[in-house]
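Listed below, chain by chain, are the residues.
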Amino acid sequence: MCTPTKRAQWREDLQHFRKDHGISKKVLLNCCLVRRIITWASPSPKDSVEDELELSAVRHRPEGLEQLEAQTRFSRKELQILYRGFKNECPSGVVNEETFKDIYSQFFPQGDASTYAHFLFNAFDTDHNGSVSFEDFVMGLSILLRGTVQEKLNWAFNLYDINKDGYITKEEMLDIMKAIYDMMGKCTYPVLKEETPRQHVEVFFQKMDKNKDGVVTIDEFIDCCQNDENIMRSMHLFENVL
Amino acid sequence: MAAGVAAWLPFARAAAIGWMPVANLPMPVAPTEKNKRQDELIILNVSGRRFQTWRNTLDRYPDTLLGSSEKEFFYNEETKEYFFDRDPDVFRSVLNFYRTGKLHYPRYECISSYDEELAFFGIVPEIIGDCCYEEYKDRKRENAERLMDDQEDNKDAKLPNMTFRETMWRAFENPHTSTMALVFYYVTGFFIAVSVITNVVETVPCGSAPNQKEVPCGERYTVAFFCMDTACVMIFTVEYLMRLFAAPSRYRFMRSVMSIIDVVAILPYYIGLVMTDNEDVSGAFVTLRVFRVFRIFKFSRHSQGLRILGYTLKSCASELGFLLFSLTMAIIIFATVMFYAEKGSSSSKFTSIPASFWYTIVTMTTLGYGDMVPKTIAGKIFGSICSLSGVLVIALPVPVIVSNFSRIYHQNQRADKRRAQKKARLARIRISKTGSSSAFLHSKRNGLFNEALELTNSTEDEQRLSKSTSLLESQHHHLLHCLEKTTVSTHILQLYIFLLFLTNHEFVDEQYYQQSYLEAGLQNYPSRSPSLSSQDGVTGTCCTRRSKKHHTPLPNASAPAHMQPLTHTHTHPQGLQELSTIHIQPLSTSRSSLNMRVDEPAPLNCQSSQITTAIISIPTPPVTTPEGDAHLPAGPTHQNVVKVSAL
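Here the structure is a predicted model, which means the values were calculated and not measured.

Parameters and conventions
Residues numbered from 1 in each chain as written. Chains lettered and ligands numbered in written order. Predicted model: local features only at pLDDT ≥ 70, side-chain atom pairs only at ≥ 80, totals over all residues. Heavy atoms only, no water. Helix = DSSP H or I, 4+ residues; strand = E, 2+ residues; numbered from the N terminus. Buried < 20%, exposed > 50% of the residue type's maximum accessible area, 1.4 Å probe, protein only. Salt bridge = Lys/Arg side-chain N within 4 Å of Asp/Glu carboxyl O. Axes fitted to C-alpha atoms, helices over the stretch in contact; angles between N-to-C directions. Parallel < 35°, antiparallel > 145°, perpendicular 65-115°, else oblique. Contact = heavy atoms within 4.5 Å. Nonpolar A, V, L, I, M, F, W, Y, C, P; charged D, E, K, R; others polar. Pairing = 2+ DSSP bridges.

Visitor: When you look at unusual backbone geometry in this model, what are you seeing that I'm missing?
Guide: What you tend to see is this: most non-glycine residues have negative phi, and most peptide bonds are trans. The phi dihedral of K164 of chain A falls on the positive side, at around 55 degrees, and the residue is not glycine. Within the secondary structure, K164 of chain A is located in the loop between helix 9 (149-160) and strand 3 (167-168). K164 of chain A sits in the partly exposed class, given a relative accessible area of 33%. In this structure, S47 of chain B takes a positive phi of about 50 degrees despite not being glycine. For S47 of chain B, the position within the fold is in the loop between strand 1 (41-46) and strand 2 (49-54).

Visitor: Sorry if this is basic, but what is going on with the pattern of salt bridges here?
Guide: Two side chains of opposite charge can pair, provided their charged atoms sit close to one another. Residues and elements named next belong to chain B. Counted under the stated rule, the structure contains 24 salt bridges over all chains. The salt bridge partner of R139 is E135, with a shortest N-O separation of 3.6 Å. Pair noted here: R139 and E135 are both in helix 5 (residues 130-155), with a separation of four residues, about one helical turn. Under the relative-accessibility criterion, R139 is labelled partly exposed at 23%. The salt bridge involving E202 is made with R292; its shortest N-O contact spans 2.8 Å. On the criterion of sequence distance, the pair formed by E202 in helix 7 (residues 179-202) and R292 in the loop between helix 12 (279-290) and helix 13 (304-315) is long-range, its members being 90 residues apart. Like E202, the residue R292 is buried in the burial classification. Via salt bridges that share partners, E239, R243, D262, K298 and R301 belong to a single interconnected network.

Visitor: Could you clarify how one ought to interpret the packing of helix 13 of chain B against helix 14 (residues 317-342) of chain B in this entry?
Guide: Geometry of a packed helix pair, given as the angle between the helix axes and the separation of the axes. All names here are of chain B. Where helix 13 contacts helix 14, the two axes come as close as 4 Å, and the packing angle between them is 65 degrees. Between helix 13 and helix 14, the angle is such that the two are roughly perpendicular. Contacts between helix 13 and helix 14 involve L313, K314 and S315 from the former and A317, E319 and L320 from the latter. Looking at the contact of helix 13 with helix 14 residue by residue, the classes come out as three nonpolar, one polar and two charged.

Visitor: Hey, could you run me through the pairing of strand 4 (residues 81-84) of chain B in this one?
Guide: Consecutive side chains of a regular strand alternate in pointing toward one face of the sheet and then the other. All names here are of chain B. Examined bridge by bridge, strand 1 and strand 4 share three bridges and lie parallel to one another. Counterpart to V46 in the pairing with strand 4 is F84. Where strand 3 (residues 75-76) meets strand 4, two bridges bridge the pair, whose relative direction is antiparallel. Directly across from Y75, in strand 4, lies its bridge partner Y82. The hairpin formed by strand 3 and strand 4 contains four residues between the paired strands, and K80 there has a positive phi angle of roughly 55 degrees.

It is worth stressing that arrangement in space is one thing and function is another; only the former is reported here.
What follows is the structure in structure tokens.
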């Protein structure tokens, strides 16, 4: 807690620090002050209640309809429909990861969809601020539903690349695979064994990793996918969705 | 899946991008919507208030009225909207259910009207959200209880054929049903009181013999008390056996609380009779006499308050249990503490922990007899803590019990009030119903008048009258007429209705006429009808006229002004009959033609009438009109049965 005595003590420290290091007040203010105030004001890690309070206090309004129309490939009416559904579920205008997971698990109740939803959330949350606003949401959908094959594959690569370093490693792929298999749950026939995801990853890497360097780059990925019949045929899944 | 989540389906489908590159097999083809409609607004007009929503919103719940094709039945082509003639306030909740997926129950709404609306729109009440479900269930339970109360009241109504046993049982259960039951009720009450007072007075010390110690009255007047006791027990035994005989389910009766109290009340006496004066068991016998005090519980049949108290205690069993348990815990704790605190002091009364129980109880209930007091300082401190905590522990469950009692008591009050008001309510309802049945007669009269006016072509009057009865009423009356036609003989008629309208209630005593013509009808019918029917056919009956033999004195009649042409007949009582015939005929009919029809059926102007009006004439002397006099006396005096049947 930021008690008065502590605050006074800190002010004193700051003055000493400034004197010792000859830093101008303004610079110091910008650097340390803000951060220290934040850490002093809320020493405990944020728990979900505060999180919710913060989010409920946040009222995010999306950009105008015309701008979104220009930026995405949706028509005006489609944007209207999308926004109405979005706003109904998330009246505050932003989705946080919990809601994301909740919604996704309602579609796949038989298994545990939270891991996959987590990866999806990170993929949608392009500016990595912990919440997906309507613009992020619509941009993502625009690419996935109305984009070219190249764009879609690019997006998929982005999804698989968990740490966003441009390479998909076997570990990342294994995580993704496990997440997908988790979503299926136990109700598969034949029953999935423990090493099925691992085998699946091996198969995937066999296919994708052309130069056998243990990682898949984006070019390898896109090339490989475009040459794969199955994948190309499955692209129709994204038509007529809206 | 919640309705709102359906809006996220595009997102879910898009997210499948993650599976595709790793999939082993190609994805199956997605289902396409054949005729994909653009989402449209539909208008729901509920009693004038227009609600608008997207069609998709309603389609979320396809097993309800609004979500299925059932709503097409309510579609209004002209206004292109769906019209429901229901309560718009409740409809708000219904529509919000479609929008949000949660059904709420508004508190101000009556539970039965809400249930009806839900049933109409095909929504199951169980999906009411958790926020409102408690309230809904409470209200529903209250309502059900009230209905059950009403039903129980109806059970009291005397059934036509009740066996002696059933009558007796009813008399026992509800003393207000007959005087015998009331007498029995008071007699048993009196004897219960006598018995209890006897038991009490038995132990009072009455005067003593000079050099003996005081003896209680029971020992002084042994015989008297024994006789009193015997009498009471006799009465109680007889009552018990009668109840046992009359009970519909003997086994259930024997298990009920009241019967157990009855048995316990009379058993000591019989046991006392049976037992010998054995020294060993007489001690036990004395204990048994204690049970005689249970007779006072027999009063609960006589007092409703006592019954409510008993019921409250039964329903608050858990609170009472909690009270007991917490008290026991506290007593043990404090008794232990006090014992060890007082162990040190000399001549302490706290000799053991159980001995300290007494002190703890007395202190916790704030009685404070003072027979045991702590002497050490520690003991006094703990003693004060004990008394404070006692107040708290006892005060906690008591309000719950009190509120339960209050609720049950008020419920009973309300039930009694409702029962009392019921009679007045039913009486008022009956009055309004008879009002509507007289409206029926009124309209019949108007119906006749209507038809008559059609003949006479006076359209203004017709219009005036036709407005006065609604379509529903007229159809209802038509139905009743049809029933009449089926059940009542066509030759008998309601002349009085006709006369009513004719005479505007001025000089016709309807009841009198009703009686007299019914007599006439009943008497004349068998002899005349065959010939009538064979001769006349439908239209002929309207004109047939017979004169009846005997003369029934008619009240003095002064013809109303519009019957001018016939005023000269009013000197003859039977002129009324002619009045009627003439009125029904077109005015052009001459009187002579009427008179001609004494013996033969004359179709005459009756053909035009869709009125198969048959006038039953009042038993009148032979028609003597100035013109037709000559004919009638000559002809045989027939019954004047002119039949007018309305419609």
